[in-house]
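What follows is each chain in one-letter form.
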Amino acid sequence: MDLGVITTFDLLAAVFILLATYLFVKWYRDPIRKIPGPPGLPILGNVLSLNPSFLHIQLFEMARKYGAVMKLKIFTYPIVVINSKDACLEALIKAGTDYLGRPPMKRMSTIAGKDIGFHTFDEDHVMLKRIFTKAIKAYGPGIAHLENVMQETIQDMVDSIDQKGDQAIDTNELVVGYVCCVLASMLFGEKFAYDDEVCKKMHQMNTRQIEAGDPMSSAAILDAFPFLFNFKFLFADTHRKVEGAVKLVNEFSKSCLDQAKASYDANNKRGCLDYFIEIQKEEMDKDGKPQLDDEGIKGLLLDFIRAGLETSRRSLAQIFLDLLHDPGLQKRLQDELDTQLNPTHIICLKDKEKLPQMEAYLLEQFRYLSQAPVLLPHMTLRDTELIGYKIPANTVVLINAFHTAHNPDIYEDPFVLKPDRFLDKEGKCVDRDHPLRQNFLGFGSGRRACPGELLARSRIFLFLANILQKYNVELIGKLPERDVRKYPMSILLSPPSMHVKFVRRQ
Ligand code: HEM
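Please read all numbers here as calculations on a predicted model, not as lab measurements.

### Re the side chain of N400
Here is step 1: By the element assignment, N400 lies in the loop between β7 (396-399) and α15 (401-405).
Here is step 2: For N400, a relative accessible area of 1% translates into the label buried.

Below is the structure:
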């Protein structure tokens, strides 16, 4: 063998050995390697075996196999999925801020500017969330003024149902109308009619921004690799949708803010928007500029509408499915209303404590649907550890709330709707610290938890109780299937809507 001549083959072999050694060392040092998970292909990872539209049920099945924590790979990018309730709470609460980041979502952040939901955890996030939470407390459920406005809104809804008589009503349209009116009332502090332009604009803006930021479309690659966003010829249609949504959001928030500022009276704050303006006037940063600028208020408005509308809409779609699949449930809830309350009384939040069956059903409905199966994606802000596994900074982490809420070790027949599981022997609802309630993490937990939980629960209660007190809900057309395992997923699960008629009860 002539050692003096290096052939092309020798060079290729050397490059190959170096590359193989580099990949081996990288793999060996990768702490995520030790976390169990389904085997994937080189370079592609688990991409080919995942179906984004039914990710919730795939992750549920994997959780049964791989235990408390598992990993997936999307190409070479690892994703850690936390499956057990205890490990989820360790990440969300005990680990401080380690897991509170959000992965970059370029399309959504372009539309919303400074928002809470898609913004990573930093000073801006803490400031915006503090203001948002205070505003909901000051102008939300339990506040007399809003209660009055909500009662009027409900009365309007009842009148509009009565006007339709025996005609078919699209449950989705009814619910969107109701939720938009309530959200607009909270924001502006006055009552809105169903067909008010503000409510229509809120709905339109919400639909457009969801289309533009759809996490399950192929354009999601723009979120994963934000530099691609600069090449406008890639995904030209998505860019058009994003620009359209930006225009609508900017126009809507500017017109709301201009009007609210022009009529602002510090001694008579009407709703959340006035509260945001007050904060803008009063809280300054170290340079003497408002901490909450107009861009921040725009983000808060959008958080309000997006988070409030989409989630409530889906819960109420599930409720209609339940009432029609199980007429016995409808009758039980009505019997409770009839024995506990005067039939002419418009139901308010105070009545909740007299209605344990209703409360148990709502808890079960939230559990069964678990509409945000993996919450919103989290990201580690620094190198950290979870039940003995090392997880590096900037790793995407999913909280498998769908698994904790359907864990067969905790819930008998987890895919069957059984409201009674939340009632004790005396017929009262089980306490908040009961394992059945603790395993439901559908609103998140800790510092990234949903600030609208109380508002959502109370608004859904008021809707259901008032409808069932006055009407029997009857199906028109075909009854869609009720099986949460088959609902399509796109961050949130989508139960099907349907047409119904409301028949006045005697
Ligand atoms: C059935 C109704 C609702 C459900 C199931 C729900 C669920 C959730 C979930 C799972 C998260 C993410 C938690 C995490 O990533 O750890 C979230 C965040 C959020 N929700 Fe809700 N939500 C509901 C209603 C509302 C309402 C009515 C509002 C306000 C009007 C609201 C405002 C927000 C905001 C601003 C965030 C972002 C919090 C953050 O990133 O720090 N939500 N919600």
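### Some words on the environment of P327
Here is step 1: One can find P327 in helix α13 (residues 327-340).
Here is step 2: Spatially, the C-alpha atom of P327 lies 9.5 Å from that of N472, the residues being 145 residues apart in sequence.

### Some points on the domain arrangement of the protein
Here is step 1: What the domain assignment lists for the protein is domain 1 (1-30) and domain 2 (41-504).
Here is step 2: One C-alpha centre belongs to domain 1, the other to domain 2, and the line joining them spans 53 Å.

### Quick look at the site of the ligand
Here is step 1: Surveying the vicinity of the ligand reveals 27 residues, the closest of which are R102, H125, K129, H378 and C450.
Here is step 2: One nitrogen or oxygen atom from the side chain of H125 is found 2.9 Å from an oxygen atom belonging to the ligand.
Here is step 3: Side-chain polar atom of K129 to an oxygen atom of the ligand: 2.8 Å apart, as the coordinates give it.
Here is step 4: When contributions to the shell around the ligand are tallied by element, the ones reaching two or more residues are α5 (123-139), α12 (294-325) and α17 (453-470).
Here is step 5: Considering each element in turn, the shell around the ligand owes the most residues, five residues, to α12.
Here is step 6: Residues that form the shell around the ligand fall into these classes: 14 nonpolar, nine polar and four charged.

What counts and how
Residues numbered from 1 in each chain as written. Predicted model: local features only at pLDDT ≥ 70, side-chain atom pairs only at ≥ 80, totals over all residues. Heavy atoms only, no water. Helix = DSSP H or I, 4+ residues; strand = E, 2+ residues; numbered from the N terminus. Buried < 20%, exposed > 50% of the residue type's maximum accessible area, 1.4 Å probe, protein only. Domains from an automatic or database assignment. Near = heavy atom within 4 Å. Polar contact = N/O pair within 3.5 Å; in protein donor to acceptor, adjacent residues only side chain to side chain. Nonpolar A, V, L, I, M, F, W, Y, C, P; charged D, E, K, R; others polar.

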